[in-house]
Amino acid sequence: MNKINTLAIKALAIALFASSCGNSNSNGNDTVENSNQQTETPTVVETPTPIKEELPIATETSNEVTIESNDQMKYNLSEIKVKVSDPVKLTLKHVGQMKKDVMGHNFVLLKLGTDVAAFTSEAMNAKDKDYIPNQKDVIAHTKVIGGGEQDVIEFTLPSVGVYDFICSFPGHAGIMKGKIIAE
Ligand SMILES: [Cu+2]
């Protein structure tokens, strides 16, 4: 009977040892699996750079303004803030190189309430008037200039408001437009 008991104890000990080994093995496996998961490279989501379509905006109120126009048919400002009732000195520069019969630009400031679309379409047929079809809708305007040229105008806005300005050279006003805010 003693021998049998001893064998039984040995068997039990082996079983316990084996099971404890098994536990440590499975723990080890778990650790390996975890480390595998950690080393997986995360999916990189590339966000495409948005195309900048908004024009830079003049934020400071100033009655001395320079606005640039270029060969890409653009002004560099879409919003100009000025002080109402004080004279405004505005310089239009053409920083491109193209000639004025191909890429001419002007700056036409329209009175409040003007139908900009109607004025623009009339201007297309007013080449003989430097693309200013009438004076009744216009507060002030530069002449049409080509690359390397500039023109300076002075005007005073009599009342607070948001005034439209455009380039009235044919086909330009859809892009070359903005607001003067008199405050
Ligand atoms: Cu233009």
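Every chain is numbered on its own, with residues counted from 1 as its sequence reads. Whole-chain, interface and lining totals are the exception, using all residues; otherwise, since this is a predicted model, local features are given only for residues with pLDDT of at least 70 and side-chain atom pairs are given and counted only at 80 or more. Values shown for side chains rest on all heavy atoms present in the structure; no hydrogens or waters enter the calculation.

An unreviewed UniProt entry annotates the protein chain as Azurin of Sphingobacterium zhuxiongii.

Visitor: Go over the pattern of salt bridges, please, and point to the residues and values.
Guide: The working definition used for a salt bridge is a side-chain nitrogen of Lys or Arg within 4 Å of a carboxyl oxygen of Asp or Glu. By the definition in use, this model includes three salt bridges. Residue Lys136 is joined to Asp137 by a salt bridge in which the shortest nitrogen-to-oxygen separation is 3.4 Å. Only protein chains enter the accessibility calculation, which uses a 1.4 Å probe; a residue whose area is less than 20% of its type maximum is buried, one above 50% is exposed, and one in between is partly exposed. In this structure Lys136 comes out as exposed when scored by relative accessible area, which is 59%. With a closest N to O distance of 2.8 Å, Lys179 and Asp164 form a salt bridge. One end of the pair, Lys179, is in strand β8 (residues 177-182); the other, Asp164, is in strand β7 (residues 161-166), and 15 residues separate them in sequence. Residue class for Lys179 comes out partly exposed when judged on its relative accessible area of 37%. Here Asp164 falls in the partly exposed class, since its relative accessible area comes to 23%. The way it works is that DSSP assigns letters per residue, a run of H or I at least four long becomes a helix, a run of E at least two long becomes a strand, and they are numbered from the N terminus.

Visitor: Mind laying out the environment of Gly148, listing which residues take part and the relevant values?
Guide: Take Gly148: it is sitting in the loop between β5 (138-141) and β6 (150-156). For the pair Gly148 and Lys93, spaced 55 residues apart in sequence, the C-alpha separation works out to 7.4 Å. Any two residues whose heavy atoms approach within 4.5 Å at even a single point are treated as in contact. Residues contacting Gly148, with those up to four places away along its chain left out, are His94 and Gly96.

Visitor: Residues and numbers for the coordination of the copper ion, please.
Guide: Distances from the copper ion to its protein donors, His105 (ND1), Cys167 (SG), His172 (ND1) and Met176 (SD), fall within 2.1 to 2.7 Å. Of note is the copper ion, whose four donor atoms meet at the metal with angles of 82 to 131° in an arrangement that counts as irregular. Metal donors were taken as nitrogen, oxygen and sulfur atoms no farther than 2.8 Å from the ion, or 3.2 Å where the ion is Na, K or Ca. Water is excluded, so coordination may look unfinished. Sequence positions of the donors to the copper ion reduce to the motif H-x61-C-x4-H-x3-M. Of this pair, His105 sits in the loop between α2 (100-103) and β4 (108-110) while Met176 sits in the loop between β7 and β8, and the two are 71 residues apart along the sequence. By the criteria applied here, four donors are tetrahedral when all angles lie between 85 and 135 degrees, four are square planar and six octahedral when opposite donors are over 155 degrees apart and every other angle lies between 65 and 115, and any other arrangement is irregular.

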